[in-house]
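# Examining the three-dimensional arrangement
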Amino acid sequence: MLVDGRVMVAMPGDITGSTNNIPDRIVDGIDIAVVCEAYGSEPRDENWNPDVDINNDGIVGGIDVATVCKQFGKTDL
């Protein structure tokens, strides 16, 4: 993930945190909600979020949702 011109490395599924959507090293319900909100979207869509296209295939699909769900509850602290 690119944040303020820097590359941010996070575990798969850790999409958001409490500050500016920067990963917070915890995969929780907020991460699941964000990926579900973008489900089915592609780059041309209004709800597209490239941060949740975890497998970088150009669509937020089942693999992306499954990846976040599989990581649910995990921390990288």
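Here, every reference points to the structure presented above.
Residues numbered from 1 in each chain as written. Predicted model: local features only at pLDDT ≥ 70, side-chain atom pairs only at ≥ 80, totals over all residues. Heavy atoms only, no water.

### Overview of unusual backbone geometry
Just so we agree on the cut-off: Each helix corresponds to a stretch of at least 4 residues labelled H or I by DSSP, and each strand to a stretch of at least 2 residues labelled E; elements are numbered beginning at the N terminus.
Not every positive phi belongs to a glycine, and Arg25 is a case in point at roughly 70°. Mapped onto the elements, Arg25 comes out in the loop between β2 (6–7) and α1 (29–37).

### Let's talk about the nonpolar core
Threshold: Here, nonpolar core means buried Ala, Val, Leu, Ile, Met, Phe, Trp, Tyr and Cys residues that are tied together by side-chain atoms lying within 4.5 Å of each other. The rule is simple: take the accessible area with a 1.4 Å probe, protein chains only, and divide by the maximum for that residue type; under 20% is buried, over 50% is exposed, in between is partly exposed. Residue contacts are counted whenever heavy atoms from the two residues lie within 4.5 Å of one another.
If you look at the biggest cluster of nonpolar residues, it comprises 10 residues: Met11, Ile15, Val27, Val34, Val35, Ala38, Val52, Val60, Val65 and Val68. Listed by contribution, the elements that provide at least two residues to this core are α1 and α2 (62–71). Excluding anything up to four places from it in sequence, Met11 contacts Arg25, Ile26, Val27, Gln71, Lys74, Thr75 and Asp76.

### Brief notes about α2
Think of an α-helix as 3.6 residues a turn; residues three or four steps apart then line up on the same face. Put simply, the test is: As used here, the arc is the angular range of directions from the helix axis to the C-beta atoms.
Those residues of α2 that sit buried are Asp64, Val65, Val68 and Gln71. Down the axis of α2, the buried set is contained in an arc of 135°. They therefore lie on one face. Seen from the open side of α2, the exposed residues pointing more than 90 degrees away from its buried face are Ile63 and Lys70. Taken together, the buried residues of α2 touch α1. Where α2 ends, the next residue or the one after it, Gly73, has phi of about 90°, a positive value.

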